[in-house]
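What follows is the residue order along each chain.
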Amino acid sequence: GGYAPLMFRSVILAAAGSSRAERLVQSVPLSRSIVSRFVAGTGSDDALRVTRELVADGLAVTLDYLGEDTTTPAGAEAARDEYLRLLDGLAASELTPAAEVSVKLSALGQAFDEKLAEEHARLICAKASEAGTTVTLDMEDHTTTDSTLEMLARLRTDFPTVGVALQSYLRRTEADCRELATPGSRIRLCKGAYAEPESVAYQSRLDVDKSYVRCMNILMAGDGYPMIASHDPRIVTIAEDRSKWFDRGVDEFEFQMLYGVRPEEQLRLAREGYTVRVYVPYGTQWYGYLMRRLAERPANVAFFARALRSR
Ligand code: FAD
């Protein structure tokens, strides 16, 4: 296994932004079965069903509605309404607080109207708090980091439990961790999933991993609530070790993994008593999400290619 070679990663991440490649992939009927390994389904009924199953297995959940790169106010409103409906559904099914939601600000219009995106985010936070659960802001490409962290700060004045993802591949992230390791602050630490330039991001797997451990140390030593989002067995082992070193109980940090990735490890950690939150995406706009997963792991592409060949 391992981090996909750089060349390979950039080719797949380029395909992630290609509408021609998107039409091709979405036109293949069999791709549904590969998609369903990583995506709960297209509608909120699918999201609720998968959440129910995971919660029954002792896992926590964060749900992501796949509607990123919204380019119109109507699209942003539709994404907001989907989250509001979803949160009603979760509360009605008594799946809160086990399940929370992850929100991409780009889905709410951040790229063309930051104020609008913030208003939408605020309504989602209010609904989540009414439903007794939390919201975590996903982190997208580096051009959005400042905007997202500024919005986080404003949202947190009214909804202190709003969390955010930070990416260890960015050179700035250690400083962001230091800034955000304060009481009540929920920080999801991940490696980062976008193609970023050398000027802002570490390029080698080793540098990204070393940065991850430095950031984890800051979060574990700090006063916030660290959410360790990684499938990397070495990262998981180090997190277990640091949590003991810094005397954090199993309710004072959590592990997070993606739906469909290392499911047996998710259950093992949960059985050990840790909180394990599974990130469950759903929606019709699954293409970009799937491509980022494929870029991470050549084995997933082989799996995908096999399924295409045998159709
Ligand atoms: P990698 O470096 O990809 O892999 C390390 C090792 O993990 C591999 O060598 C292998 O041993 C093991 N492994 C990885 N994948 C598999 C697999 N499929 N099967 C078996 N073993 C495997 N990125 C963002 O940019 N913004 C976000 O907001 C964001 N949110 C996330 C939320 C969650 C809960 C998670 C888990 C990830 C999120 N990511 C996000 C993606 C993240 O940045 C990484 O791209 C992704 O998690 C891959 O990195 P990794 O730490 O899992 O390890």
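Values in this document were obtained by computation on a predicted structure and should not be read as measured data.

Describe the pairing of strand 5 (residues 186-190), and please don't skip the residues or the numbers.
Counting buried residues along strand 5, five of its five residues qualify, which places the element largely inside the surrounding structure. A two-sided burial pattern is seen for strand 5, the buried positions comprising Arg186, Arg188 and Cys190 on one face and Ile187 and Leu189 on the other. Sheet topology places strand 4 (residues 163-167) next to strand 5; four bridges connect them, and they run parallel. Note on strand 5: the bridge partner recorded for Ala165 is Arg188. Remark: the strand 4/helix 8 (residues 173-180)/strand 5 crossover connection has right-handed handedness. Summarising the sheet, strand 5 and strand 6 (residues 225-229) pair through four bridges and their orientation is parallel. Its bridge partner lying in strand 6, Leu189 is registered against Ile228. Handedness of the crossover is the feature at issue here: the chain leaves strand 5, passes through helix 9 (residues 205-221), returns alongside strand 6, and the resulting connection is right-handed.

If you had to explain the pattern of salt bridges to someone new, which residues and values would you point to?
Enumeration over the complete set of coordinates arrives at 28 salt bridges. In this structure, the salt-bridge partner of Glu53 is Arg49, at a minimum N-O distance of 4.0 Å. Remark: Arg49 and Glu53 occur in helix 4 (residues 44-56); sequence separation between them is four residues, near one turn of the helix. Residue Glu53 is classed as partly exposed on the basis of its relative accessible area, which comes to 43%.

Can you tell me about the side chain of Gln266, naming the residues and giving the values?
The topology assignment puts Gln266 in helix 11 (residues 263-271). Once you skip the residues sitting within four places of it in the chain, Gln266 turns out to touch Leu59, Met257, Leu258, Val261, Val276 and Val278.

Any details on the sheet that holds strand 8 (residues 276-282)? Residues and values, ideally.
Taken together, eight strands build a closed barrel; the order of strands is 1-2-3-4-5-6-7-8 and the barrel is parallel. Direction aside, neighbouring strands of the sheet carry axes that sit 30° apart on average. For strand 1 (residues 60-65) and strand 2 (residues 99-103), the ladder comprises four bridges, and the chain directions are parallel. Bridging across to strand 2, Thr62 finds its partner in Glu100. Against the sheet, helix 7 (residues 145-158) makes contact with strand 3 (135-137) and strand 4, and its axis sits at roughly 155° relative to strand 4, the strand it touches most. Contacting strand 4 and strand 5, helix 8 runs over the sheet at an angle of about 155° to strand 4.

Tell me about the packing of helix 4 against helix 5 (residues 73-92), residues and numbers included.
What describes two packed helices is the angle between their axes and the distance between those same axes. Where helix 4 meets helix 5, the closest approach of the two axes is 10 Å, and the angle between their N-to-C directions is 40°. Relative to helix 5, helix 4 is oriented oblique. As for the relative orientation of helix 4 and helix 5, their crossing is right-handed in sense. Here Ser44, Ala47, Leu48 and Thr51 of helix 4 come into contact with helix 5, specifically with Glu82, Leu86, Gly89 and Leu90. Of the residues assigned to the contact of helix 4 with helix 5, the class counts are four nonpolar, three polar and one charged.

Calculation notes
- Residues numbered from 1 in each chain as written.
- Predicted model: local features only at pLDDT ≥ 70, side-chain atom pairs only at ≥ 80, totals over all residues.
- Heavy atoms only, no water.
- Buried < 20%, exposed > 50% of the residue type's maximum accessible area, 1.4 Å probe, protein only.
- Helix = DSSP H or I, 4+ residues; strand = E, 2+ residues; numbered from the N terminus.
- Pairing = 2+ DSSP bridges.
- Right-handed = clockwise from strand over helix to strand, strands pointing away.
- Salt bridge = Lys/Arg side-chain N within 4 Å of Asp/Glu carboxyl O.
- Contact = heavy atoms within 4.5 Å.
- Axes fitted to C-alpha atoms, helices over the stretch in contact; angles between N-to-C directions.
- Parallel < 35°, antiparallel > 145°, perpendicular 65-115°, else oblique.
- Left-handed = near helix turned anticlockwise from the far one by under 90°.
- Nonpolar A, V, L, I, M, F, W, Y, C, P; charged D, E, K, R; others polar.

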